[in-house]
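Remarks on the overall topology
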Amino acid sequence: MSISGIVFALCLFAAGGLFAVKMRKIVRNIRLGRDELINDRPGERWATMARVALGQGKMVARPIAGILHVVVYAGFVIINIELLEIVIDGIFGTHRVFAFLGPLYDVLIASFEVLALGVFVACAIFLVRRNVLRLKRFWMKEMTAWPRSDANIILVAEIILMGAFLKMNATDQVLAMRGVDPYVAVGSYPVSQFLRPFFEGYSDGALMTFERMFWWVHILGIFVFLNYIPYSKHFHILLAFPNTWYSKLKPSTQVANMDRVTQEVKLMMDPSADPYAAPPADAPPPERFGAKDVFDLSWKSLMDAYSCTECGRCTSECPANLTGKLLSPRKVMMDTRDRLEEVGRNIDKNGSFQDDGRSLHDRISEEELWACTTCNACTEACPVNIDPVGIIMDMRRYLVMEESRTRPALTAMFNNVENNGAPWPFAQSEQLRWAEEEGYR
Amino acid sequence: MSDRLKVLTMAEMAANGEKPEVLFWVGCAGSFDDRARKITKAFVRILHGARVKFAVLGVEASCTGDPARRAGNEFLFQMQALQNIGTLNGYGVERIVTACPHCFNTLKNEYPELGGNYQVMHHTQFLNALLAEGRLKVKGGSFKGKRIVFHDPCYLGRGNGEYEAPRELLERLDGELVEMKRSRARGLCCGAGGAQMFKEAEPGNGEVNHERAGEALGTDPGIIAAGCPFCNTMLTDGVKHHNKEQVLVKDIAELIAEAADL
């Protein structure tokens with residue numbers, strides 16, 4: 001193995017190792033959430049994943065962003081086939097090891113090139129949409145400096161990677177045409193052939209340096225990118241798949257039942273139950289009602305938080321947000337992830353979580369929570385089936401059942417439901433007034 | 001029809017050893033809200049006209065618990081649910097129809113986990129079935145040339161995937177059915193869901209119902225059709241806000257009753 005082969009292998013190992021370490025932390029963080037068994041209807045789950053994640057089924061609801069995204073996505077997935085060749089070449093010092101595939105190789109390289117150009121153009125348009133046209137959903141108040149930079153870093157990185165790939169191919173062709181060893185005239189280059197003129201004036205030695213430089217920029221760029229994404233909103237490229245597999249398949253407006261409350265209510269309604277019975281000595285401590293912190297949310301809500309790429313489609317469809325309320329479903333997801341990462345750092349530092357006097361409620365205010373109409377426009381809009389309403393519901397439950405914090409009118413509504421079976425102060429005995437006043441009784 | 005419309009309760013039917021074809025779950029708005037009561041009355045006139053043997057719970061009726069659950073009070077929701085399930089199962093209820101998508105969603109999706117299993121229909125689904133069976137006939141003449149725009153209730157459409165039943169009914173009116181840009185799965189909420197109906201809106205720079213009513217009025221309709229008593233209230237207020245009271249906000253049941261001369 002050559003020196004460059006050893007350097008490459010070390011880089012590959014380091015990149016893979018760092019990524020694995022971060023992934024383990026993220027898996028650990030997601031598992032901090034409440035247990036919830038999600039494995040019913042597997043056929044429907046695979047179909048949902050195929051349609052929504054693999055097939056980008058919800059992206060095209062907004063055609064411009066949707067189609068551009070499909071280009072970047074297809075480019076990302078397919079160009080990574082090239083990665084296999086790069087890794088083999090890098091370790092064993094070969095050059096274009098798959099060239100023996102002949103016409104198939106031509107087709108592959110040609111399609112990579114077309115896609116690379118597509119990705120390049122799409123990312124450039126995305127940068128314009130974010131920074132020049134300043135689309136509203138990319139400049140809302142939760143889109144502070146870091147989320148905006150994160151998006152731009154990713155787009156610029158993709159442009160650099162694609163540029164390096166195309167320039168690598170262009171220099172490679174010039175060298176191959178001059179018959180320089182080991183460059184071989186294989187592959188079809190529908191895009192980079194137009195870059196050749198820029199390189200034809202250079203000496204063989206300079207071109208070989210360029211070619212190697214672009215090769216290293218491309219592959220090291222991919223390694224850096226790989227390790228950047230778990231810290232970034234861009235993590236959705238991996239989590240979109242499991243997250244859609246674990247989608248809520250029940251009707252979106254169906255609120256999850258709290259079985260523990262069912263036990264208690266049944267006990268309350270059972271005339272033969274002993275109201276003074278002490279729980280058995282070995283009973284586990286009672287779980288909290290609703291969500292105070294990330295530990296109280298379902299692990300799926302935490303995976304949702306890591307899957308969010310902050311596109312803001314949820315918020316742009318949210319009736320509360322559209323009318324100037326504080327609530328933004330995207331912010332709910334970002335806050336959940338930020339808090340979860342904070343808890344994760346706490347665990348890294350202390351071995352186990354040490355109370356830091358903070359909770360998810362420090363980030364998501366009551367005013368935000370009480371603005372939700374549970375209309376599920378956000379869950380419908382989300383291209384990776386994230387459910388912000390689930391988090392909002394769990395947090396409302398904590399406010400009401402643990403802290404008795406609610407809006408005064410809601411307290412009145414609770415009292416009415418409890419006392420007269422309707423959210424308004426009308427007596428249950430009046431239930432048939434409508435029929436009586438028409439003589440239907 | 002010669003026989004008089006008489007609304008019976010489950011208790012009265014049970015006392016006579018009878019069982020209705022369907023239980024009409026009236027809901028809080030349908031019982032107590034002045035506007036929604038008109039919907040309730042229109043719907044029972046249709047049921048009567050179609051000779052549907054129905055009953056209501058009457059004084060045994062109690063809130064499904066939907067607003068309590070959505071406002072975070074799971075205890076109260078489950079107390080309501082378990083009591084109601086006790087009542088319904090006690091009468092051996094099998095089929096329920098309701099004109100409220102919130103009651104519909106709760107009865108259909110949330111009661112089974114607590115032991116209440118019923119065939120639950122939204123009234124637009126039930127009316128479609130009556131038309132299909134030939135038990136109900138409508139003539140659309142009086143709506144000819146009228147532009148009608150339908151507002152999808154979130155809990156019927158997005159929540160439960162029912163977009164067609166209300167539209168099929170409206171098609172029968174021979175009016176001109178128009179759509180808002182945000183309709184079906186992307187329909188904009190009226191602002192009442194999630195227990196918002198029972199509280200002041202949180203501070204903002206506008207009201208959801210004004211926004212939605214504005215969008216509906218943008219289609220230049222003669223009638224805004226609703227399928228939910230809360231949407232109806234919100235849109236009626238929204239239309240007033242835009243000073244367009246000549247545009248009527250009507251429940252589909254009211255429109256069908258009118259078209260069927262009931």
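Summarised in this report is the structure supplied together with it. Starting afresh in each chain, residues are numbered from 1 along the sequence in its written order. Ligands are numbered from 1 and chains lettered from A, in the order in which they are written. Owing to the predicted nature of the model, reporting of local features is limited to residues with pLDDT of at least 70; listing and counting of side-chain atom pairs is limited to 80 or more, with chain, interface and lining totals taken over all residues. Hydrogens are left out, water is left out, and the side-chain values use all remaining heavy atoms of the structure.

1. Some words on empty space enclosed by the protein
All names here are of chain B. Using the following cut-off: Only protein atoms enter the 1 Å grid used here, on which a cavity is any set of points holding a 1.4 Å probe that cannot leave and a pocket is any open set flanked by protein within 12 Å on both sides along at least five of seven lines; residues with an atom within 4 Å of a point are listed as lining. Grid points are joined across faces, edges and corners, and a volume is the space filled by probe spheres set on the points. A run of DSSP states H or I qualifies as a helix once it reaches four residues; a run of E qualifies as a strand once it reaches two. Both are numbered from the N-terminal end. Only Asp, Glu, Lys and Arg are considered charged, only Ala, Val, Leu, Ile, Met, Phe, Trp, Tyr, Cys and Pro nonpolar, and every remaining residue, Gly among them, polar. Each domain's limits were defined by an automated method or a database of domain assignments.
Counted by the stated rule, this structure contains eight cavities of 30 Å³ or more. Its boundaries defined by the atoms lining it, the largest cavity holds a volume of some 180 Å³. Lining the largest cavity we find 22 residues, and of these Cys 28, Asp 66, Pro 67, His 102 and Phe 230 sit closest to its centre. Those elements giving two or more residues to the lining of the largest cavity turn out to be α2 (27-32), α4 (66-70), α6 (101-110) and α10 (229-241). Take the lining of the largest cavity: its biggest share by element is four residues, from α2. The residue makeup of the lining of the largest cavity, split by class, is 14 nonpolar, seven polar and one charged. Taken domain by domain, the lining of the largest cavity gets at least three of its residues from each of domain 1 (10-131) and domain 2 (137-259).

2. Points about the interface of chain A and chain B
In plain terms, the rule: By definition, residues are in contact when any of their heavy atoms lie within 4.5 Å. Summed over both partners, the accessible surface that disappears when two parts come together, traced with a 1.4 Å probe, is what is meant by buried area. When a carboxyl oxygen of Asp or Glu lies within 4 Å of a side-chain nitrogen of Lys or Arg, that pair is called a salt bridge. Whenever two N or O atoms come within 3.5 Å, that pair is a polar contact, provided that in protein one can donate a hydrogen and the other can accept it, and provided that, for residues adjacent in sequence, both atoms are side-chain atoms.
Contact with chain A, which involves 67 residues of that partner, is made by 74 residues of chain B. Buried surface at the junction of chain A and chain B, summed over both partners, amounts to about 6,100 Å²; 61% is from carbon and sulfur atoms. Of all residues in chain A, A:Trp424, A:Trp434 and A:Tyr440 give up the largest surface area on contact with chain B, accounting jointly for 13% of the area buried on that side. Where A:Lys250 meets B:Glu113, a salt bridge forms, and the shortest distance between an N and an O atom there is 3.9 Å. Our count for the chain A to chain B interface comes out at 39 residue pairs in polar contact (both at pLDDT 80 or more). At the level of secondary structure, the elements contributing two or more residues to the side of chain A that touches chain B comprise α9 (259-269), α12 (319-322), α15 (377-381), α16 (388-403), α17 (408-420) and α18 (433-437) of chain A. With seven residues, the single largest contributor to the side of chain A that touches chain B is α9(A). The class makeup of the residues in the side of chain A that touches chain B is 35 nonpolar, 15 polar and 17 charged.

3. Concerning the environment of A:Ala412
Tracing the backbone shows A:Ala412 in helix α17. In the structure, A:Ala412 is positioned 12 residues away from A:Trp424 in sequence and 8.4 Å away in space, judged by C-alpha atoms.

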